[in-house]
Amino acid sequence: MGKEIKKVNTDAKLRIMPKGTDVDLKKMESDIREILSKCRSSKFHSSEIKPIAFGLSALETVILITEADSELEGIEDKISDLPYAESVTETDIYLLSDI
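How each quantity is defined
- Residues numbered from 1 in each chain as written.
- Predicted model: local features only at pLDDT ≥ 70, side-chain atom pairs only at ≥ 80, totals over all residues.
- Heavy atoms only, no water.
- Core = buried A, V, L, I, M, F, W, Y, C linked by side-chain atoms within 4.5 Å.
- Buried < 20%, exposed > 50% of the residue type's maximum accessible area, 1.4 Å probe, protein only.
- Helix = DSSP H or I, 4+ residues; strand = E, 2+ residues; numbered from the N terminus.
- Pairing = 2+ DSSP bridges.

A.B. asks: Can you tell me about the nonpolar core, naming the residues and giving the values?
C.D. replies: L14, I16, M28, I32, L36, I79 and L82 are the most contacted members of the largest nonpolar core, which has 21 residues in total. Of all the secondary-structure elements, those providing two or more residues to this core are β1 (10–18), α1 (25–37), β3 (56–65), α2 (72–80) and β4 (85–95). For this core, the leading source of residues is α1, giving five residues.

A.B. asks: Could you give me a rundown of the pairing of β1, with the residues and numbers involved?
C.D. replies: Side-chain direction in a regular strand flips from residue to residue, so the side chains alternate between the two faces of the sheet. Counting buried residues in β1 gives seven out of nine residues, a clear majority hidden from the surface. Relative to β3, β1 runs antiparallel, the two sharing seven bridges. What sits directly across from K13, in β3, is V62. Direction of pairing for β1 relative to β4: antiparallel, over a ladder of nine bridges. Residue pairing for β4: M17 is matched across the bridge by S87.

Shown next, in the form of structure tokens:
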């Protein structure tokens, strides 16, 4: 199921705001998965639709990243280039440690 990443050092939560209430957030998630499938050091982990206000919802997506070769800025740019994405914001970045 998906590609393997040898060691995950960081996870990043992104909030992607759509351009309107009529945007299909499941399609947006599918397109984000496609973008991440082409990245060497990042992997889709999960997503959740979060209601914001007045019928508008955001897609919150968690991405797993290897710290040594982070592509996060490029991923954000690619998501921002989607025709129905209004904005992409990093809401949380966690450094994961070995236990």
